[in-house]
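Report on the structure
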Amino acid sequence: RGTVTAFSPFDARADAEALRKAMKGMGTDEETILKILTSRNNAQRQEIASAFKTLFGRDLVDDLKSELTGKFETLMVSLMRPAYIFDAHALKHAIKGAGTNEKVLTEILASRTPAEVRNIKQVYLQEYEANLEDKITGETSGHFQRLLVVLLQANRDPDGRVDEGLVEQDAQVLFRAGELKWGTDEEKFITILGTRSVSHLRRVFDKYMTISGFQIEETIDRETSGDLEKLLLAVVKCIRSVPAYFAETLYYSMKGAGTDDDTLIRVMVSRSEIDLLDIRRELRKNFAKSLHQMIQKDTSGDYRKALLLLCGGDDE
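Since the model is a prediction, treat every value here as computed from it, not as a measurement.

1. Here's the deal with the overall build of the chain
A tally of regular secondary structure across the chain gives 20 helices and 0 strands. For the chain, whose C-alpha radius of gyration is 21 Å, the value lies close to the compact-globule estimate of 20 Å for 316 residues. Along the first, second and third principal axes, the C-alpha atoms of the chain reach 70 × 45 × 40 Å. Residues counted as buried form 48% of the 316 residues belonging to the chain. The long-range fraction of contacts in the chain, counting pairs at least 24 apart against all pairs at least 6 apart in sequence, stands at 72%. With an accessible surface of roughly 14800 Å², the chain has 48% of that area assigned to carbon and sulfur atoms. With 45 positive and 51 negative side-chain charges, the chain shows a separation of 2 Å between the mean positions of the two kinds.

What follows is the structure, given as C-alpha cells:
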C-alpha cells in the first residue's frame, strides 16, 4: 500500500549517469535528481548508488550533500538510506547531544512491528557499535523509559486466537489501575499495552469501553502526563490503526503556523513504500483534508515537488 514501488524498466547505470550529469559542472539540475529518486524504490536507489561509485569513483550521498541545500537536501539524503538504517539514524539523532527528542523515540518505537524493532537494534549495533537500549536508557527515565524498554524487547505476543477470558481480565486490570485508583498504577498499563498482541488489545479496548464508559485514550489522558502519556497514546493509536496514527502525525506536522519538517520528511520517507496510500485515505477521512493539498500549501520549491511526487496523487 505504498506510493513508491519498483520502477520498470529500471537501469541503475543510466540513472547513475543521469544523476552525475545533473550534479556535474556549474549549477545543479534538481528536477532530474528529484524525479529519479522519488520514483525508484529503496532497493533500486541502493543499486544506483553502487553503480554511481563503480562508474565515477564517487559517493552519491556525498555528492547530493555537497550539491543540494536545506530541507530538499535532507529529503533526498533520507531517501537514500535503507529503511532500518534510516530508523537507526533518526533514533541516534534523537538521543545524541543535549536534550533528547522524545517525539522521535515515541513515533518510531510505538509504530514499528516487533520484527522491525529487532532489525533496527541490529543495524544500530552494526552502524554505531553501540547498544540502542543502553543509549535510550541513558537518556530517558521513569515510566517513559520503562515502556520504551518493553517496546525495545520486541516481544509482543504474536497475533493468534483471542482468549475472551483474558480480554475481560486485562480490561478490568486497566480499569482498576487507572479510573478506580487514587493515583495510577502505570506499570499495569506498560505491561499490558507493551506485550499483548494487537488483536487481543483491540478487544481489550472495546471491553474497557463497556466496563468503564470511557475510551482507553480518555483514561490515559486523565491518569498520566508528559512523555509517558504521549507514548501510551501513540501505542494505543498504533494498535488501533498505524495508518490513522501517521495520518494524525502528518496532519499536525503541517497544521497551524509553521511546519514540522523533520516529522514531515521522516513520515513521508519511512512510509512511502509501506502504507502511504492508507495514510492518505485516513487523513482525508479523519481530518477532511488531502495530504497533497496540505503539502502544496505548506511547502515550496524543489522540496515541495519531491514531497508531492512521494505523496503520489490527490484524494479529492
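2. Focus: the packing of aromatic side chains
Using the criterion set out here, one finds 7 aromatic pairs in the structure. Ring centres of Y251 and Y252 lie 5.0 Å apart, and the angle between their planes is 80°; this geometry places the pair in the edge-to-face category. Taken together through their ring pairs, the aromatic side chains of Y251, Y252 and F287 make up a single cluster. When the ring centre of F56 is taken as reference, the NZ or CZ atom of R20 above it lies at 5.9 Å. If you follow R222 out to its NZ or CZ, it ends over the ring of F214, 4.2 Å from the centre.

3. Focus: the pattern of salt bridges
Tallying each qualifying case throughout the model produces 23 salt bridges. The residue R1 makes a salt bridge to D278 at a minimum N-O spacing of 2.7 Å. Of this pair, R1 sits in the segment before α1 (12-23) while D278 sits in helix α18 (residues 276-287); the two residues are 277 residues apart in sequence, bridging distant segments of the chain. Since its relative accessible area comes to 53%, R1 is described here as exposed. Taking the relative accessible area as the measure of exposure, D278 reaches 13% and is therefore buried. Three or more residues joined by partner-sharing salt bridges are found here, namely E31, K35, D302 and K305.

4. Brief notes about helix α4 (residues 60-67)
Here α4 has its buried residues at L60, D63 and L64. Seen along its axis, α4 keeps its buried residues to an arc of 100°; they face one direction. Close packing links the buried residues of α4 with α1, α2 (30-39), α3 (42-56) and α5 (70-79).

5. Looking at the domain arrangement of the chain
Domain annotation for the chain reports domain 1 (12-80), domain 2 (84-153), domain 3 (164-240) and domain 4 (242-311). Each of domain 3 and domain 4 has a C-alpha centre, and the two are 29 Å apart.

6. Overview of the state of the cysteines
In protein chemistry, a disulfide is the covalent bond that joins the sulfur atoms of two cysteines. Using the criterion set out here, one finds 0 disulfides in the structure. For the unlinked cysteine C238, the closest cysteine sulfur is that of C311, found at 20 Å.

Conventions used here
Residues numbered from 1 in each chain as written. Predicted model: local features only at pLDDT ≥ 70, side-chain atom pairs only at ≥ 80, totals over all residues. Heavy atoms only, no water. Helix = DSSP H or I, 4+ residues; strand = E, 2+ residues; numbered from the N terminus. Rg over C-alpha atoms; globule rule 2.2 N^0.38 Å. Buried < 20%, exposed > 50% of the residue type's maximum accessible area, 1.4 Å probe, protein only. Contact = heavy atoms within 4.5 Å. Areas by Shrake-Rupley, 256 points an atom, 1.4 Å probe, with all protein chains shown as cover. Lys, Arg positive; Asp, Glu negative; His and termini not counted. Charge placed at Lys NZ, Arg CZ, Asp CG, Glu CD. Phe/Tyr/Trp six-rings, centres within 6.5 Å; stacked < 30°, edge-to-face > 60°. Lys NZ or Arg CZ within 6 Å of the ring centre and 35° of its normal. Salt bridge = Lys/Arg side-chain N within 4 Å of Asp/Glu carboxyl O. Arc of directions from axis to C-beta. Domains from an automatic or database assignment. Disulfide = S-S within 2.5 Å.

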